[in-house]
Amino acid sequence: MIPKNIKREHILKALKEIDETGIPDKRASRKYNLEYQGKYYPVKLVISLAHKYVTGEELALSQFNAIEAVNYLKKLGFNIVETPTTHKRKYLAIVSTLKEWLEKAPREDGVFSLSTK
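The structure displayed is predicted, hence computed values, not measured ones.

Definitions and cut-offs
Residues numbered from 1 in each chain as written. Predicted model: local features only at pLDDT ≥ 70, side-chain atom pairs only at ≥ 80, totals over all residues. Heavy atoms only, no water. Core = buried A, V, L, I, M, F, W, Y, C linked by side-chain atoms within 4.5 Å. Buried < 20%, exposed > 50% of the residue type's maximum accessible area, 1.4 Å probe, protein only. Helix = DSSP H or I, 4+ residues; strand = E, 2+ residues; numbered from the N terminus. Contact = heavy atoms within 4.5 Å. Polar contact = N/O pair within 3.5 Å; in protein donor to acceptor, adjacent residues only side chain to side chain. Pairing = 2+ DSSP bridges. Axes fitted to C-alpha atoms, helices over the stretch in contact; angles between N-to-C directions.

Q: Is there a simple way to think about the nonpolar core in this case?
A: If you look at soluble globular proteins, the nonpolar side chains tend to sit buried side by side. Counting 23 residues, the largest nonpolar core has Ile-11, Leu-34, Val-43, Val-46, Ile-47 and Leu-73 as the members making the most contacts within it. Elements that contribute at least two residues to this core include exactly helix 1 (8-21), strand 1 (32-36), helix 2 (43-55) and helix 3 (66-75). The dominant element in this core, judged by the number of residues it contributes, is helix 2, at six residues. Those residues in contact with Ile-11 that sit more than four places away from it in its chain are Ile-6, Leu-34, Val-46, Ile-47, Ala-50, Leu-73, Leu-76 and Phe-78.

If you want it as structure tokens, here you go:
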């Protein structure tokens, strides 16, 4: 359970710490991220670190689950987004590559040309 004494200011301090130290490999999010100023942060890591700014100790990850973290952060006014699945990440990479190719593709009178001239 997440202690109710974690406030928005503690969350912001946790975000700053993550910006400075990075996200440890084993603490990356599988499902949910807090989105703040164009950056993404694992919700459980954020709550765990924010607890340190209240009590001096990180909150053990076994003390709460991701859904609790999501709901708590939403109540504090933060935006939560789902982490793209592996398939979605691959799809987005393909779309991005296709878009780049189309932007560079030769055109004849504003129409894409498949010629190899």
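That shown, we press on.
Q: So what exactly am I meant to see when it comes to the side chain of Ser-29 here?
A: Turning to its location among the elements, Ser-29 is positioned in the loop between helix 1 and strand 1. Among the polar contacts listed, one links the side chain of Ser-29 to the backbone nitrogen of Lys-31, at a separation of 3.3 Å. A polar contact of 2.4 Å, which involves the side chain of Ser-29, links it to the backbone oxygen of Tyr-32. Those residues within four positions of Ser-29 in sequence are excluded, and the remaining contacts are Pro-42 and Thr-83.

Q: Which parts of the structure should I look at to understand unusual backbone geometry?
A: Negative phi is the rule for most residues except glycine; trans is the rule for most peptide bonds. Not every positive phi belongs to a glycine, and Gln-37 is a case in point at roughly 50 degrees. Counting through the fold element by element, Gln-37 comes out in the loop between strand 1 and strand 2 (39-42). The exposed category is assigned to Gln-37, whose relative accessible area is 66%.

Q: What should I look at first to understand the pairing of strand 2 in this one?
A: Two faces make up the sheet, and in a regular strand the side chains alternate between them. Bridge analysis of strand 1 against strand 2 gives four bridges, and the strand direction is antiparallel. Within strand 2, the position partnered with Leu-34 by the bridge is Tyr-41.

Q: Explanation requested: the environment of Val-70 in the structure shown.
A: As for its position among the elements, Val-70 is in helix 3. Along the backbone, Val-70 and Val-43 are 27 residues apart, and their C-alpha atoms lie at a distance of 6.5 Å. What Val-70 contacts, discounting residues up to four positions off in sequence, is Tyr-32, Val-43 and Ile-80.

Q: Help me understand the sheet that holds strand 2 in this model?
A: Strands in a sheet are paired, the pairing made by backbone hydrogen bonds, and the direction either parallel or antiparallel. Read from one edge of the open sheet, three strands run 2-1-3, paired in antiparallel fashion. Strand pairing shows two members of the sheet lacking a second neighbour, strand 2 and strand 3 (79-82), which therefore form its edges. Neighbour to neighbour, the strand axes of the sheet diverge by 40 degrees on average, direction disregarded. Sheet topology note: the strand 1/strand 3 ladder contains four bridges and is antiparallel. Looking across to strand 3, one finds that Asn-33 is bridged to Val-81. The strands that helix 2 touches are strand 1, strand 2 and strand 3; relative to strand 2, the one it contacts most, it runs at about 75 degrees.

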